[in-house]
Amino acid sequence: MEIPFHKEYHFEQELEYVKDAFDIGVTASDGKYTSKAKALLKDKFGFQEVYMTTSATHALEMAALILDFKQGDEVILASFNFPSAANCIVLRGATPVFVDLDPKTMNISPKEIEKNISSKTKAIIVMHYAGIACDMDKIMEISKKYKLPVIEDAAQALGSKFYDKNLGSMGDMACISFHSTKNVIAGEAGCLIINRKDKEWLKKAEIIRQKGTNRQDLINGKVSKYEWVDQGSSYCPSEILMAVLCSQLENFDRINSNRKKLAGVYLERLNKKKYKNYFRPMILPEYANSNNHIFYIITKNKIIRDELQIFLKKHNIGSAFHFIPLHNSIMGKKYGFDCNKLKYTDNLSQRLLRLPLYNSISEKEINYVCDYIDNFVGEQIL
Ligand SMILES: *Cc1c(COP(=O)(O)O)cnc(C)c1O
C-alpha cells in the first residue's frame, strides 16, 4: 500500500459550477460565484466583511497596505511560521520581530508578544497552527491594553474555534487560504476578513484589491468611469476558482466531520504510554475546537523524528516536517535575526512530524500508518 502525505479532494459539483461560470461568459472576478463564496463565508463563520483574494499571502499583503506598515515600524509574529507573514512586513520596509511559541500548541506565546512590544510596534500577527486556536483571550487583552491591531493568520484554520468563536472572526483582520493543501480548496485562493466597522479600512480594502482603482464605485453605480486613486494591486480571483470554492464550501460540514473522525483514529492509536519515550501526539487545549487541518507528533529528539520519517518512507508512507523557523531561515539569517535564540521554536521545530491526513484517506489507511509507527517503536533499542 502507498499512502502519500497529501491528496486533493474534489466534489463532482465543482465541474457543474465551473461550467456555469463559463456559460455566464465572464470569468474575470466579482461575478456570481465571488458573491456566493463571500456570502457563504459570512453566514457560516460570522466574519464581518470578506474580500475574496488570489491567496492568503495576498490577503496578508492587503492587510499590510491597509495598516500602512512602513520603514521604522515593527510587527510582532511567531518565528515558527509560513514566510508569507514575514513577507507582508518586509515588502513594506517594516521590520518583523520574531518571538517564541507556546510549547503546548506551537502557537505564538502571549507572554512573548507582550515582552517584545516597543514604541515602534505597529501590529501583531498571530497564526493558528494546525487549526488549533492561539490563546485569543490573552492576545485580545494585549491588543486592547496597547491599542495594537491583531491580524489572525487563519490560513489553516477555517471552521476551527476558540471556545465557541470562529477563528478569523476575533482579530481586527484575518486571512484564510484555499490553497490546494488546505481543508477547503480552490487550487490557489484566499480571503481577507475585516471584523472592524472602520469605514476607512473597508474603503481602502476595496481600492487596494482592485489595482488601486475605484472600480468598486463604478460597479456600485457611484461613478461613471473608474480611475487610479491609491496604491493597490491585482488581488481578485477568477470566477472559475470561486465556482470551485463554492462547491467546496457547501460541503464544509462533511469535510469537517470526516476530518474529526480521522484525526480521532490517530489520537486513539498514538496517545499511549508505550510511546512516551519516543513521541507524544499533538495536544488539543480544552478551549480549542479544531478543524483538524494537521495531525502531528512531537518526537523525543530530532534523531527519532528523522529516522521515523525514513522508516515510513521505506514503507511508502509520506510524512513531513514543517516550517524552518523564519529567524534562522536563509532570509532570516541575511537580516541577522538568527542571533535571537528562541528556545522552544528552535527545539520543537526539529521534533515535529506531520502524518498523512486528508479528506480522502480512510480509517483503514490511518490504522496502517499507525501499525508502521508501532513497528518502528518495536524495532528501537533504547
Ligand atoms: C498556507 C499558508 C499560507 C499561504 O496561503 P496561500 O493561500 O498559499 O497564500 C499562509 N500562512 C499559513 C500559516 C499557511 O499555512
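Preceding this section is the structure that the text describes.
Just so it is clear, the structure is predicted and the values come from calculations on it, not from any experiment.

Novice: It is not clear to me how the nonpolar core should be interpreted in this structure. Could you clarify?
Specialist: Nonpolar side chains tend toward joint burial in soluble globular proteins. Formed by 94 residues in total, the largest nonpolar core has its most connected members in Leu41, Tyr129, Leu158, Phe178 and Leu270. At eight residues, the largest contribution of residues to this core is made by helix α14 (residues 363-379). When residues of this core are assigned to domains, at least three map to each of domain 1 (12-246) and domain 2 (252-380). When neighbours within four sequence positions are excluded, Leu158 is seen to be in contact with Leu41, Phe45, Phe47, Ile176, Phe178, Val184, Leu249, Phe252 and Asn291.

Novice: Please explain the packing of helix α2 (residues 32-45) against helix α9 (residues 239-250) as it appears in this structure.
Specialist: When two helices pack together, their arrangement is given by the angle between their axes and by how far apart the axes lie. Viewed as axis vectors pointing N to C, α2 and α9 meet at an angle of 35°, and their least axial separation amounts to 8 Å. Of the two possible hands of crossing, α2 and α9 adopt the one that is left-handed. Residues Lys32, Tyr33, Thr34, Lys36, Ala37, Leu40 and Leu41 of α2 touch α9, and the partners they reach there are Glu239, Met242, Ala243, Leu245, Cys246, Leu249 and Glu250. Residue classes in the contact of α2 with α9 are distributed as nine nonpolar, one polar and four charged.

Novice: Just checking my understanding: could you explain helix α4 (residues 83-90) for this structure?
Specialist: For an α-helix, 3.6 residues make a turn, and residues three or four places apart therefore share a direction. Taking burial as the measure, the eight residues of α4 include six buried ones, the bulk of the element. Restricting attention to buried positions, one finds in α4 the residues Ser84, Ala85, Ala86, Cys88, Ile89 and Val90. Turning to α4, the residues buried within the fold contact α3 (56-66), β2 (74-78), β3 (95-99), β6 (121-127), β7 (150-153) and α12 (330-335).

Definitions and limits used
Residues numbered from 1 in each chain as written. Predicted model: local features only at pLDDT ≥ 70, side-chain atom pairs only at ≥ 80, totals over all residues. Heavy atoms only, no water. Core = buried A, V, L, I, M, F, W, Y, C linked by side-chain atoms within 4.5 Å. Buried < 20%, exposed > 50% of the residue type's maximum accessible area, 1.4 Å probe, protein only. Helix = DSSP H or I, 4+ residues; strand = E, 2+ residues; numbered from the N terminus. Domains from an automatic or database assignment. Contact = heavy atoms within 4.5 Å. Axes fitted to C-alpha atoms, helices over the stretch in contact; angles between N-to-C directions. Left-handed = near helix turned anticlockwise from the far one by under 90°. Nonpolar A, V, L, I, M, F, W, Y, C, P; charged D, E, K, R; others polar.

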